[in-house]
Amino acid sequence: MTFSRTQPLRIYLLDDHAIFLRGLNAVLTQEPTLKVMGIFSHSRDLWASFATTEADMLIMDHALAPQDTNGLNLIREVHLRNQSMRILVASNFYNSATVAQALRYGASGFISKTASEGELLNAVQVAGSGNIYLEPLMAMQLAQIHERVVKADRAPGQKLQSLPLSSQLSVLSPKVQDVMHCLLEGMTVTEIADKFSRSIKTISGQKQAGMRKLGLKTDNELSHLRDSLQRQRR
């Protein structure tokens, strides 16, 4: 993909925080090589825009409003629908497992919302040019995960609990992954049931299946894992 002053990179923005959207739009519109085609606070509006406008890149947060779709699943769906669209994730809520899954689902990069304007514009340029953008710390963490996974593959007797969280989650079914991601973001079973239009009984069963796979026996252990992940994000 190439873009210039005469052929700007066309961008959609998706986030449930209006202030962030306004700030992001202000930064991007200052650049003559970039053109914001649509600003959305809900994924349904994004989907509707596909019928009327075209864009080359989607900048979005994977942590959308509770009543909206799962952001990671949205990345996968957008990628499947338009594999040429570059997807740059901008979020304050992430860990190495989230970054790895976003890339696996089709994202072209991941950047923290605390990044400077210059870093953001660089990420847009890198991802828009067809490359993968990661902040140095994210890249290092993913490299460490890859190294551990390779070592684990060479040790057949290693238990699942000793693998990185991203590897543990990857063995779960997509629906159970969705539930575990939401639980690790602090959502309740009832909130998750409402989000995915499933029964509380179904979500509870998927929660228990995910906890068994992750080697978690109690809600207290799940809470400790969630607290640990939240501390890593700070």
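The text that follows walks through the structure, step by step, so that each part is easy to find. These figures come from a predicted structure and were not determined experimentally. (Residues numbered from 1 in each chain as written. Predicted model: local features only at pLDDT ≥ 70, side-chain atom pairs only at ≥ 80, totals over all residues. Heavy atoms only, no water.)

### What about the packing of helix H3 (residues 71-81) against helix H4 (residues 96-105)?
Where H3 contacts H4, the axes come no closer than 8 Å and their chain directions differ by 20 degrees. When the axis of H3 is compared with that of H4, the two are roughly parallel. For the element pair H3 and H4, the recorded crossing hand is right-handed. For the pair formed by H3 and H4, the contact residues are Leu72, Asn73, Ile75, Arg76 and His79 on the first element and Thr98, Gln101, Ala102 and Tyr105 on the second. (Axes fitted to C-alpha atoms, helices over the stretch in contact; angles between N-to-C directions. Helix = DSSP H or I, 4+ residues; strand = E, 2+ residues; numbered from the N terminus. Parallel < 35°, antiparallel > 145°, perpendicular 65-115°, else oblique. Left-handed = near helix turned anticlockwise from the far one by under 90°. Contact = heavy atoms within 4.5 Å.)

### Some details on the sheet that holds strand S1 (residues 9-14)
Reading across the sheet, the six strands line up as S2-S1-S3-S4-S5-S6 and stay open at both edges, with parallel pairing between neighbours. Each having just a single partner strand, strand S2 (34-40) and strand S6 (133-134) make up the two edges of the open sheet. Here S1 runs beside S2; their pairing, made up of six bridges, is parallel. By the bridge assignment for S2, leucine 9 is matched with leucine 34. (Pairing = 2+ DSSP bridges.)

### A look at the nonpolar core
Counting residues in each nonpolar core, the largest one holds 23 residues, and the members touching the most others are Tyr12, Leu14, Leu46, Leu58, Ile75 and Val78. For this core, the elements supplying multiple residues, two or more each, are S1, strand S3 (57-60), H3, strand S4 (86-91) and H4. For this core, the element with the highest residue contribution is H3, accounting for four residues. Listed in part, the 20 residues of the second largest apolar core include Leu13, Leu88, Ala90 and Val124. (Core = buried A, V, L, I, M, F, W, Y, C linked by side-chain atoms within 4.5 Å. Buried < 20%, exposed > 50% of the residue type's maximum accessible area, 1.4 Å probe, protein only.)

### Remarks on helix H5 (residues 117-128)
The end-to-end C-alpha distance of H5, which contains 12 residues, comes to 16 Å, matching closely the 16 Å that a straight helix rising 1.5 Å per residue would cover. Those residues of H5 that fall on the buried side of the exposure criterion are Leu120, Leu121, Ala123, Val124, Ala127 and Gly128. The buried residues of H5 occupy an angular sector of 155 degrees when projected down its axis, which confines them to one face. Just downstream of H5, glycine 130 is the residue with a positive phi angle, here 100 degrees. (Expected span 1.5 Å × (residues − 1). Arc of directions from axis to C-beta.)

### Side note on the pairing of S1
With five of six residues buried, S1 is to be regarded as a mostly interior element. Alignment of S1 against S3, held across four bridges, turns out to be parallel. Residue pairing in the sheet places leucine 13 in a bridge with isoleucine 59 of S3.

### Looking at the packing of helix H8 (residues 174-184) against helix H10 (residues 200-214)
Running from N to C, H8 and H10 point in directions that differ by 85 degrees, and their axes come no closer than 9 Å. It follows from the interaxial angle that H8 and H10 lie roughly perpendicular. Facing Lys175, Val176, Val179, Met180 and Leu183 of H8, the residues of H10 in contact are Ile203, Gln206, Lys207, Gly210, Met211 and Leu214. Its residues assigned to classes, the contact of H8 with H10 comprises seven nonpolar, two polar and two charged. (Nonpolar A, V, L, I, M, F, W, Y, C, P; charged D, E, K, R; others polar.)

Scope: geometric values only; no functional claims are made or implied.
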